[in-house]
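Here's the letter readout for the chains.
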Amino acid sequence: MMRNLRVDANRIQSDLEALAAITDPGRPWTRRAFSPRFDEGRGWLARRFAEAGLTVSHDAGGNLIGRRAGSAGGLGTILLGSHSDTVPDGGRFDGIAGVVVALEVARTLAERGHVLRHDLGIVDFLAEEVSVFGVSCIGSRAMAGVLPADWMALTHEGRTLETAMRDVGGAPEGIAARDDIRAFLELHIEQGPVLEDSGCDLGIVTAIAGITRVEIVLTGRPDHAGTTPMTGRSDALVAAAGLVSAIEAEARDRAAQGSHFTATVGEFSMEPNAANVVPGRVRMLIDARAADRAQMLGFLDWIDARCAALPEAIAVEVRRLSDNQPTPMDGALIDRLDAAADRCGARHRRMVSGAGHDAAFMARIAPAAMVFVPCLGGRSHCPEEWAETADIALGAEVLAETVIALDQG
């Protein structure tokens, strides 16, 4: 039975609007990590955490933490949250909705008299988006104890990442994996059109897709565009164009097999890039994502074979720049979220996240799961990003129900 918690949707909307107002002038909605606007937003959140009766602190990784102690000592922490930083000219909901919902769950449980046995933690992770230092998920990597040590020396405008983390309240020398988290839950906008197209209120995430990036460089021979016969060319662009089309077709075939799969040539450049010169060199970067590791490995083998079949006049270099495994969400937590969604009367479906999230790193140290809410037109990382308050509030109800069930279980 639904416990009739009834989160305060107006309060959620007010919080979202207040954070959205903290943005770079003329660039809605921009609040990048390690910027003055980010610091201002963090200060606003810290005050809201304190007003909710939470103990406020920063951990070694620069994450903003709100905590309410449980009635039974030593049971560990149920942690909720996401991130408040944005991409440049990004949206008002990506990450932010998850932080606001975590805060609202803490407030609602307190106001309804639900005293948890476990500690309740809410977190605003540091720099989930790609930061000015060129790296992402800094806070969640730190909490999981997997933040690369050599990242500390990364520099932007004369400031190292280590210094920047200290400036936001972190203590990088103390970074270590937390061992007290019993469950982590993150609400997020879907950032795609599946929920809206299917008429579902919520998505229960089963896995976060692995992301592999492959660089391909094709080298032919630059020649005069007007004097070199069509039959005697080594045109790197022609070879690359055929390869791009083949990648698209292969990705569609793999996606049609049922498991989440995408492949995108997102970076592309050619040299000498002159109107009267046959292209001599092309570089492309493939972003491929899969929930099934076998699908990804098969795709990588296909790339190797497809490149090997190019004309001998085209030299090919294939280099794997990064290769992250897919992250399954915890099965028991998924079941609890399903049950909570049923109790709340939410139409829901299970689905894969094609985007990366802090939950992927939390899953390394604790059971983790995610709830998606629809976003208008599937738009995200743009000023037009939008999610309805009613959908976000419903997601908050489901998280609150799940927290109570976890605590009692």
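In what follows, the structure referred to is the one given above.
None of these values were measured; they are calculated from a predicted model.

Each value, and the rule that gives it
Residues numbered from 1 in each chain as written. Predicted model: local features only at pLDDT ≥ 70, side-chain atom pairs only at ≥ 80, totals over all residues. Heavy atoms only, no water. Axes fitted to C-alpha atoms, helices over the stretch in contact; angles between N-to-C directions. Helix = DSSP H or I, 4+ residues; strand = E, 2+ residues; numbered from the N terminus. Parallel < 35°, antiparallel > 145°, perpendicular 65-115°, else oblique. Left-handed = near helix turned anticlockwise from the far one by under 90°. Contact = heavy atoms within 4.5 Å. Nonpolar A, V, L, I, M, F, W, Y, C, P; charged D, E, K, R; others polar. Expected span 1.5 Å × (residues − 1). Buried < 20%, exposed > 50% of the residue type's maximum accessible area, 1.4 Å probe, protein only. Salt bridge = Lys/Arg side-chain N within 4 Å of Asp/Glu carboxyl O.

Overview of the packing of helix H9 (residues 331-343) against helix H11 (residues 389-408)
The geometry of H9 relative to H11 is characterised by a closest axis approach of 9 Å and an angle of 125 degrees between their N-to-C directions. On the basis of the axis angle, H9 is oblique to H11. Of the two possible hands of crossing, H9 and H11 adopt the one that is right-handed. For the pair H9 and H11, contact is made by Leu 333, Arg 336, Leu 337, Ala 340, Ala 341 and Arg 343 and by Val 398, Leu 399, Glu 401, Thr 402, Ala 405 and Leu 406, respectively. Among the residues making up the contact of H9 with H11, the classes are represented as eight nonpolar, one polar and three charged.

Thoughts on helix H2 (residues 36-51)
Taking 1.5 Å as the rise per residue, H2 with 16 residues should run 22 Å; its terminal C-alpha atoms sit 23 Å apart, in good agreement. Among the residues of H2, those classed as buried are Phe 38, Gly 41, Arg 42, Trp 44, Leu 45, Ala 46 and Phe 49. Of the surrounding elements, those touching the buried residues of H2 are helix H1 (9-20), strand S1 (55-58), strand S2 (64-68), helix H3 (96-111) and strand S4 (119-125). Trailing H2 by a residue or two, Gly 53 shows a phi angle of about 85 degrees, which is positive.

Here we look at the pattern of salt bridges
Close approach of charged atoms allows side chains of opposite charge to pair. This model, assessed by the stated rule, comprises 32 salt bridges. The salt bridge partner of Glu 51 is Arg 48, with a shortest N-O separation of 3.0 Å. One end of the pair, Glu 51, and the other, Arg 48, are both in helix H2, three residues apart, so they sit about a helical turn from each other. Assessed through its relative accessible area of 57%, Glu 51 is described here as exposed. By sharing partners, the salt bridges in this structure join Arg 11, Asp 15, Arg 48, Glu 51, Glu 104, Arg 107, Glu 111 and Arg 112 into a single network.

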